[in-house]
Amino acid sequence: MKINKKKFIYLISPNKIHNSFYNNLKLVLKTKKVSFFQLRIKNYSLKSKITIGKKIKNICKKNKVKFIINDDPLLALKLDADGCHLGQKDMDIHTAKKLLGKKIIGITCHNSINLAKKAIKAKASYIAFGSFYQSNTKKTKYTASIKILNNAKKITKIPIVAIGGINFDNYKNLLLNKADFLAISGYIWKNKKFKPSKAIERIK
């Protein structure tokens, strides 16, 4: 998996998708700062997820952004997404690989080098650590320290994603400490000062 230093944002969807979202997504992706877009929605029917997913997939494709599905390899397969992100309680990576073949599969590793080693051994496409900061988007069950990024870099060359409460004030610290991608959601979609496209333009 290639790492583009200029496209270091791994954008995660808001929890609810409103009609205005699609146009905002187009404007955000046009900034060319995003490598991945992850669809992470919980309280929707499968039919709704497929309808939403198809629209987002087209926008991602036009902007050369990889379209990732959170937690659900079967939905990723149905939508022919670029890949899937798995938490520790989701489908086993080996089963997911049988379903998705050579597609991208990323693994949440919280703040654990042992979980990272398991994911690397299982040939995950990337590993994700967090939460680095307090997040308003998702309840923080695990807290990660900056040290984990440097420790992980010593044992692997696969991309490392940092997640959790990342915003304009703290993102540079994670890049300086060797995170390859920053998973961002609330700062873009719930920003009270800036529209999504303006919020992302501030991150350089």
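Since the model is a prediction, treat every value here as computed from it, not as a measurement.

*Asks:* In this structure, what is going on with the pairing of strand 2 (residues 34-39)? I would like to understand it.
*Replies:* Along any regular strand the residues' side chains alternate between the sheet's two faces. Along strand 2, six of the six residues are buried, which leaves the element largely enclosed by surrounding structure. Bridge analysis of strand 1 (residues 9-12) against strand 2 gives four bridges, and the strand direction is parallel. When the bridges of strand 2 are listed, tyrosine 10 appears paired with phenylalanine 36. Remark: the strand 1/helix 1 (residues 21-29)/strand 2 crossover connection has right-handed handedness. Sheet analysis places strand 2 next to strand 3 (residues 66-70), joined by four bridges and oriented parallel. Along strand 3, the bridge assignment pairs phenylalanine 37 with phenylalanine 67. Between the parallel elements strand 2 and strand 3, the chain passes through helix 2 (residues 46-62) in a crossover that is right-handed.

*Asks:* Just to check I follow, could you spell out the pattern of salt bridges for this structure?
*Replies:* When the charged atoms of two side chains with opposite charge come close together, those side chains can pair. On inspection of all chains with the given rule, the structure shows three salt bridges. The salt bridge involving aspartate 71 is made with lysine 42; its shortest N-O contact spans 2.7 Å. Here aspartate 71, found in the loop between strand 3 and helix 3 (73-79), pairs with lysine 42, found in the loop between strand 2 and helix 2; they are 29 residues apart in sequence, far enough to count as distant. On the basis of relative accessibility, which here comes to 26%, the residue aspartate 71 falls in the partly exposed class. Lysine 42 sits in the exposed class, given a relative accessible area of 52%. A salt bridge links lysine 103 to aspartate 80; the shortest N-O distance between them is 2.7 Å. Of this pair, lysine 103 sits in the loop between helix 4 (93-100) and strand 5 (104-108) while aspartate 80 is found in the loop between helix 3 and strand 4 (83-86), placing the two residues 23 residues apart along the sequence. On the basis of relative accessibility, which here comes to 22%, the residue lysine 103 falls in the partly exposed class.

*Asks:* Looking at this structure, how should I read the sheet that holds strand 6 (residues 126-130)?
*Replies:* Strand-to-strand pairing in sheets goes through backbone hydrogen bonds, with the strands running parallel or antiparallel. Reading around the barrel, the eight strands line up as 1-2-3-4-5-6-7-8 and close back on themselves, with parallel pairing between neighbours. Taken over all neighbouring pairs, the strand axes of this sheet differ in orientation by 25° on average, direction set aside.

*Asks:* Got a minute to help me understand the side chain of aspartate 180 in this structure?
*Replies:* Note on placement: aspartate 180 falls in the loop between helix 7 (171-176) and strand 8 (181-184). For aspartate 180, the contacting residues outside a window of four places in its chain are Ile3, Phe8, Lys153, Ile158, Pro159 and Ile160.

*Asks:* Would you explain the packing of helix 1 against helix 2 in this entry?
*Replies:* Close contact between helix 1 and helix 2 brings their axes to 10 Å; oriented N to C, the two are set at 25°. The orientation of helix 1 relative to helix 2 falls into the category roughly parallel. In this structure, helix 1 meets helix 2 at a crossing whose hand is right-handed. Judged by residue contacts, Phe21, Tyr22, Leu25, Lys26 and Leu29 of helix 1 engage Ile52, Lys55, Ile56, Ile59 and Cys60 from helix 2. Tallied by class, residues from the contact of helix 1 with helix 2 come to eight nonpolar, no polar and two charged.

Thresholds, definitions, all that
Starting from 1, residues in each chain are numbered consecutively following that chain's sequence as written. This being a predicted model, a pLDDT of at least 70 is required before a residue's local features are given, and a value of 80 or more before pairs of side-chain atoms are given or counted; all residues contribute to the totals for chains, interfaces and linings. Values reported for side chains reflect all heavy atoms of the structure, with hydrogen atoms and water molecules removed beforehand. Relative accessible area decides the class of each residue, using a 1.4 Å probe on protein chains only: under 20% of the type maximum gives buried, over 50% gives exposed, and in between gives partly exposed. Counting from the N terminus, the helices are DSSP H or I runs at least four residues long and the strands are E runs at least two residues long. For two strands to be treated as a pair, DSSP must find no fewer than two bridges joining them. Here a crossover is taken to be right-handed if, once the strands point away from the viewer, the path from the first strand over the helix to the second is traced clockwise. Criterion for a salt bridge: a side-chain nitrogen of Lys or Arg within 4 Å of a carboxyl oxygen of Asp or Glu. To obtain an axis, a line is fitted to C-alpha atoms, over the contacting stretch when the element is a helix, and the angle between two such axes runs from 0 to 180 degrees between their N-to-C directions. Only heavy atoms matter for contacts: two residues are in contact if any of them lie within 4.5 Å across the pair. Note on terminology: angles under 35 degrees are roughly parallel, angles over 145 are roughly antiparallel, angles of 65 to 115 are roughly perpendicular, and the others are oblique. For a crossing to be left-handed, the near helix must be turned anticlockwise from the far one by less than a right angle; the clockwise case is right-handed. Lys, Arg, Asp and Glu make up the charged group, whereas Ala, Val, Leu, Ile, Met, Phe, Trp, Tyr, Cys and Pro make up the nonpolar group; the residues left over, Gly among them, are polar.

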